[in-house]
There are 4 protein chains.
Amino acid sequence: MSFNRFGRVVSITTFGESHGPAIGCVIDGFPPGMEISAEEIRTAMLRRATGRSRHTSQRHEQEDVQILSGFFDGRTTGTPIALVVYNSDARSRDYSKISTRFRPGHADYTYHHKYGLRDWRGGGRSSARETAMRVAAGALAAKYLAQKFGIRITSWLGQLGEIVCDHQFVAESIDDNPFFCPDPACVPKLEDYMDALRKEGDSVGALVRARAEGVPPGWGAPVYAKLDSDLASAMMSINAVKGVEIGAGFESVAEKGTEHRDELTPTGFVGNHAGGVLGGISSGQPITLAVAFKPTSSLRLPGRTVDADGQPVEIVTTGRHDPCVGIRAVPIVEAMMALVLMDHFLLHRAQCGDVAPQTPRIE
Amino acid sequence: MSFNRFGRVVSITTFGESHGPAIGCVIDGFPPGMEISAEEIRTAMLRRATGRSRHTSQRHEQEDVQILSGFFDGRTTGTPIALVVYNSDARSRDYSKISTRFRPGHADYTYHHKYGLRDWRGGGRSSARETAMRVAAGALAAKYLAQKFGIRITSWLGQLGEIVCDHQFVAESIDDNPFFCPDPACVPKLEDYMDALRKEGDSVGALVRARAEGVPPGWGAPVYAKLDSDLASAMMSINAVKGVEIGAGFESVAEKGTEHRDELTPTGFVGNHAGGVLGGISSGQPITLAVAFKPTSSLRLPGRTVDADGQPVEIVTTGRHDPCVGIRAVPIVEAMMALVLMDHFLLHRAQCGDVAPQTPRIE
Amino acid sequence: MSFNRFGRVVSITTFGESHGPAIGCVIDGFPPGMEISAEEIRTAMLRRATGRSRHTSQRHEQEDVQILSGFFDGRTTGTPIALVVYNSDARSRDYSKISTRFRPGHADYTYHHKYGLRDWRGGGRSSARETAMRVAAGALAAKYLAQKFGIRITSWLGQLGEIVCDHQFVAESIDDNPFFCPDPACVPKLEDYMDALRKEGDSVGALVRARAEGVPPGWGAPVYAKLDSDLASAMMSINAVKGVEIGAGFESVAEKGTEHRDELTPTGFVGNHAGGVLGGISSGQPITLAVAFKPTSSLRLPGRTVDADGQPVEIVTTGRHDPCVGIRAVPIVEAMMALVLMDHFLLHRAQCGDVAPQTPRIE
Amino acid sequence: MSFNRFGRVVSITTFGESHGPAIGCVIDGFPPGMEISAEEIRTAMLRRATGRSRHTSQRHEQEDVQILSGFFDGRTTGTPIALVVYNSDARSRDYSKISTRFRPGHADYTYHHKYGLRDWRGGGRSSARETAMRVAAGALAAKYLAQKFGIRITSWLGQLGEIVCDHQFVAESIDDNPFFCPDPACVPKLEDYMDALRKEGDSVGALVRARAEGVPPGWGAPVYAKLDSDLASAMMSINAVKGVEIGAGFESVAEKGTEHRDELTPTGFVGNHAGGVLGGISSGQPITLAVAFKPTSSLRLPGRTVDADGQPVEIVTTGRHDPCVGIRAVPIVEAMMALVLMDHFLLHRAQCGDVAPQTPRIE
């Protein structure tokens, strides 16, 4: 069972609420011997942290992560790696006035019906704060994949509202702006749009794209442990995600077979509509995916809702919120992709061993 | 670990290859006492079976399913329910000539790299033949949900190539035509299109939509056992699927928060952009999703590929194939949705009990 | 969740009742490429089968096992291996008269309270018939371990009632007598005892011992995936088992530390009180265990019980039963040990790779 | 996969090393709404803590446990409950001199071969320190079982070395002495024995017994999720355990069927050789088990070993150790029993619902 666990061989179990004392995770099954430091993990976490530009929430997350176990002499030991971040700069008073009102688009109403009670401070367990630990764990997975296979995972903002953000793709630009936008020419448009949106008090959706290069062929499994099935599960488990596609995704619907099938030649595949996964198993091509994020539901524009007695009330969410959660989701998508890939390497190694079959391989 | 298993509390483990002796599944954890018969299961399976119209594969699947265990006196007993169907009308000779060639868009190349050997007859384990057992197991889940909660799951063809199939929605029509098309006016267009496509030798993608009505609020979990995360995993595990969306899905990208958030009033939610899931937990609204299927890769139009020695060769797939796998996928999507929902009911009952908290509920 | 599944990376899911149409199992996660045949599996199963001597049940199990999937060209393919044996020579009429009476020492009463209904024919799912599939699956695991590591697993009857059976240990004798007794001098005693017991109509308990030689150091894990914890779970899951010990077992209670701790010297460990497992991880020494089996509860000597209405009734179990279930349990213990060891090799390989750390090793 | 996780529906994932910064656990799947406080958990932990008498280790564990999540307004919320205890009074310097020597009877040698490196401070992950978190989590499970079903779990020292400790059974005495001994007359004997043993520098094994009363019939499952199989796994996962038995245990070996089978009468079962479990499912009788603990391997009496280069060296373990680990294991056995029982209640409820079948029940 895995209410709060993700992964098959290497797994993460996260805990913590947005306004509780701490958030954390336990990474179980991680291989021994990899060098890592708390500072490296923190650096990764800061890419996702709030308070780094005017376009995201103004809560200042310091991400002073501690490694509580599974770590000795600068290396992982093979035993469970526990990470914890004590919450700072949480203002629970922002929430007390809505403790008995169900915020539309939030999990308030559903928690109420599931558990009969809920921690109403800041979204509790459903806050995006939880995703900080995904990024922390993902930093370890990404380092492992890079060191062992040279795998590079890149994610970026593909679209924000109606604005397509990757007409031009300059990988180096992604971290040069607060939007993880790969097109330098697009950045000013995003700034203007976001400034207006913030003023308006509304929020907007976004599309995040990701690509993993260097994944060897053979990771995944044919039926329910499909690599793409686990990627879909991983992405859909991120807060605010409403859609996932691999490769050509929804464009496949209108494609013909002669167009979609990626033919093979001695120098490689012709095209990558498959997005690097065939029959649930990696093909050696780049793995590509896209994830749709809904607009933030926390708005200071008033909305209709009901309270715990079923009475109609108006709701205004103050607090400090991202007008577009999709922006800070970029490192989260990257982290989840790293976790799925590393898990599938270990799963593949369990069944089939370290050494790939000696067969002709098309890179 | 679950290479070939799906589900948390009630799970299915499927086995069998397209051209092996049999396919089957073991349903583990199913509650005791539900009446069911092999004939009921077979009826459900025949909706998915090939050979029922000229628009799908001409292999004649009889689906003579046997219940091997977990069944006594016409009822489930609580012990594992094993189902088996011996394969009939399999023509493996169709495949012998391509046993050393990697069919583009298929799992041949990836199996080769993963396992070092493969059962090349008819796609082996990656054949859509496996999905027959999903429909069989789904028939039990759907009956359970209908009897216990009155839940109704409906799925249909939403689009085939460029043709949108649900401009009009007449639920009763879905099973009146070979396309699971809810719009009677659209059926002739589909017939013409498919006749032309078959003549041409090409294939096309499709979109399948599904909706579950009557699901109580409270099923699911906040983080990694999210109801929508498990739905995404289930859908992406179906052969040929390249994308999944819940509720507004990819349309959320361009939506504003004021537009997307579904406000609440004493008479219910205003809109259902969420698709019936908030924070990973069912809200009591209909659960809605859409699934993108790629076009069949098995074409009689020749394509380029390489053989096991890496040499360029031409490939033509004869055999008997569906020009649009999305059509017969309609009952598969429905079955997977039933399995996920039933599993989440049991998971919810495990943690929170049979009786829902006594709180105001908005239906 | 695993109501009917055992194993972490390579798992078995069994199904079937004693008097249902068939029993079977699905072996999931088995590595590709191992040669095996149905006949080899059947040979292993016949060691456990009834009807081979007058000292066990007279039901004639033919064990005509079929491989339904995961098998191609004489080898495992890496996809799920399904095995099935159709039940033969089942006489359900023997049971109809006790369908409403709870047999003492059986699961009748507990099934009734758990499920509210039960398949009363021959013990249903709780029949030792289920263990035939453990032996079948164990045959694959044992072959894998033997081929890859030269691991030899031996199990034998250590005690039957008051008769100690391994004062002398001649490995070759184990399969020369119907008791799996390693001491040729003990066999006539066992024959006389069992003949008298059968005449008397009573049954008796037994102790089964097992040893695995050649297991490399490093398999297992420190806390909840301990090798010995999984062995204990495996053994206790066999019908009629009431106790399990590893190494010195219950004798450890009265031992001193200086006596129990196995010191190390450059030529190896001094003693093996640990039974080959230290801190949950294999040490490279032989892994040794013992398992206690209760006497069969099915007796033709009348006993007191109640019926489904709670009324007192007398019960006599006719049917064909083993007067000592511990005898035929010998191959089952061996099989479960093989399954646990193979699973732990794969689990270890997942996390730590194929190649052991380059460190001095004491054999 | 569950390297460091235990449980099916409600699970614990523990982390932390003896001399690392902290130990902790995440309890996942716990039902919402139960009142609990950190102080209650700490009280339970102190029963197991060192430094409470001269007969156990002199390290002073304060067990200042913090609840980091899953907790609001004094109640569990249904989200993961994270507990952490920062390690205090750890003296790692005690270990530096043995960092390259394998302590006999410890996991040093096996860790070395598994992981290639190890945290040598105080046994690292294999220290009994880990079990503190089992007791913490067990406190929640025990409270749940007591409140919901009135279940009472009792465990006690059954034997220490050759001294049988429960000739007389006075439940109230168990917590009146530092040995968890239920026989007041035995306590002076234990004191004398332990004083002599400490002087001698040696250690000794022990037997811990436990009993759960009030468990309803129907918990467990027929084959691999057997209640007794999970109890065996739980007990064998405790440090230093070498054997587990349920009910009559190893005495079953020499018993006859007429003696062992517990007949039923309208007023209840006659005897409880089964130990409250029939066919893997609880019968409503008390569940009884016994667990064998080996003597502590950490001795100040010198012993032979080898170092990491395979050279012979002498070893003396200073540090602060229990001369009999079995004593403080009493609350650990109790805790693991509570965790298994609670997990099986939830598992049973998942499949069969809250309400038991309306059948005659023999208490």
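To start, this report covers the structure provided alongside it. Note that the structure is a prediction, hence the values are computed from the model and not measured. (Residues numbered from 1 in each chain as written. Chains lettered and ligands numbered in written order. Predicted model: local features only at pLDDT ≥ 70, side-chain atom pairs only at ≥ 80, totals over all residues. Heavy atoms only, no water.)

Remarks on the overall build of chain A
Scanning chain A from terminus to terminus reveals nine helices and 18 strands. The globule rule puts the C-alpha radius of gyration for 363 residues at 21 Å, and the 21 Å found for chain A is close to it. Counting only C-alpha atoms, chain A reaches 65 × 50 × 40 Å along its principal axes. When the 363 residues of chain A are sorted by exposure, 69% land in the buried category. Considering only contacts in chain A between residues 6 or more positions apart, those separated by 24 or more positions represent 71%. Positive and negative charge centroids in chain A, built from 39 and 42 side chains respectively, lie 4 Å apart. (Helix = DSSP H or I, 4+ residues; strand = E, 2+ residues; numbered from the N terminus. Rg over C-alpha atoms; globule rule 2.2 N^0.38 Å. Buried < 20%, exposed > 50% of the residue type's maximum accessible area, 1.4 Å probe, protein only. Contact = heavy atoms within 4.5 Å. Lys, Arg positive; Asp, Glu negative; His and termini not counted. Charge placed at Lys NZ, Arg CZ, Asp CG, Glu CD.)

What to know about the interface of chain A and chain B
Contact with chain A, which involves 118 residues of that partner, is made by 118 residues of chain B. Taken together, the links from chain A to chain B amount to four salt bridges. Across the pair Glu263(B) and Arg304(A) runs a salt bridge whose closest N-O atoms are separated by 3.0 Å. At the surface where chain A touches chain B, the tally comes to 47 residue pairs in polar contact (both at pLDDT 80 or more). Residue contributions to the side of chain A that touches chain B peak at seven residues, all from helix α3 (residues 108-115) of chain A. A class-by-class count of the residues in the side of chain A that touches chain B yields 57 nonpolar, 39 polar and 22 charged. By the bridge criterion, three bridges tie strand β11 (residues 241-246) of chain A to strand β11 (residues 241-246) of chain B in an arrangement that is antiparallel. (Salt bridge = Lys/Arg side-chain N within 4 Å of Asp/Glu carboxyl O. Polar contact = N/O pair within 3.5 Å; in protein donor to acceptor, adjacent residues only side chain to side chain. Nonpolar A, V, L, I, M, F, W, Y, C, P; charged D, E, K, R; others polar. Pairing = 2+ DSSP bridges.)

Focus: helix α4 (residues 131-149) of chain A
All names here are of chain A. For α4, with 19 residues, the first-to-last C-alpha span of 26 Å sits near the 27 Å given by 1.5 Å per residue. Within α4, 14 of the 19 residues are buried, which leaves it mostly tucked inside the rest of the structure. Trailing α4 by a residue or two, glycine 150 shows a phi angle of about 70 degrees, which is positive. (Expected span 1.5 Å × (residues − 1).)

Overview of the relation of the copies chain A and chain C
Rotating chain A by 180 degrees and moving it 0.0 Å along the rotation axis overlays it on chain C with an RMSD of 0.0 Å. Such a turn and shift between the copies fits a two-fold axis. Of the C-alpha atoms belonging to chain A, the one lying closest to the rotation axis is found on Ala350(A), 2.1 Å away. A shared binding surface is used by both copies, with 100% of the interface residues of chain A retained as interface residues in chain C. (Least-squares fit on C-alpha atoms with pLDDT ≥ 70 in both.)

Remarks on the environment of Trp120(B)
Structurally, the position occupied by Trp120(B) is in the loop between α3 (108-115) and α4 (131-149). Here the alpha-carbon distance between Trp120(B) and Tyr193(B), two residues 73 residues apart in the chain, equals 31 Å.

Focus: the relation of the copies chain A and chain B
Mapping between the two copies of the chain is achieved by a rotation about an axis and a shift along the axis. Of the transformation superimposing chain A on chain B, the axial component is 0.0 Å and the angular component is 180 degrees, with the fit at an RMSD of 0.0 Å. A share of 100% of interface residues in chain A that are also interface residues in chain B marks the association as one of identical surfaces.

Observations concerning the sheet that holds strand β10 (residues 206-213) of chain D
Reading across the sheet, the ten strands line up as β9(C)-β8(C)-β10(C)-β16(C)-β11(C)-β11(D)-β16(D)-β10(D)-β8(D)-β9(D) and stay open at both edges, with antiparallel pairing between neighbours. At either end of the open sheet lies a strand with only one pairing partner, and these are β9 (163-164) of chain C together with β9 (163-164) of chain D. Helix-sheet contacts for helix α5 (residues 187-200) of chain C involve β8 (152-160) and β9 of chain C, and the interaxial angle to β8(C) is about 55 degrees. (Axes fitted to C-alpha atoms, helices over the stretch in contact; angles between N-to-C directions.)

Points about the side chain of Ser155(C)
Residues and elements named next belong to chain C. Inspection of the secondary structure assignment puts serine 155 in strand β8. Within polar-contact distance, the side chain of serine 155 engages the backbone oxygen of valine 330 at 2.8 Å. Looking at serine 155, its side chain comes within polar contact range of the side chain of glutamate 334, at 3.0 Å.

What about the pattern of salt bridges?
Applying the stated criterion across every chain, the model contains 88 salt bridges over all chains. Measuring nitrogen to oxygen at the nearest pair gives 2.8 Å for the salt bridge that ties Glu61(B) to Arg48(B). Here Glu61(B) is found in the loop between α1 (38-48) and β4 (66-67), whereas its partner Arg48(B) is found in helix α1, with 13 residues between them in sequence. A residue is classified by how much of its surface remains accessible, and Glu61(B), at 8% relative accessible area, is buried. Here Arg134(D) makes a salt bridge to Glu130(D), at a shortest N to O gap of 2.8 Å. For Arg134(D), a relative accessible area of 0% gives the class buried.

These values are about where atoms sit, not about what they do.
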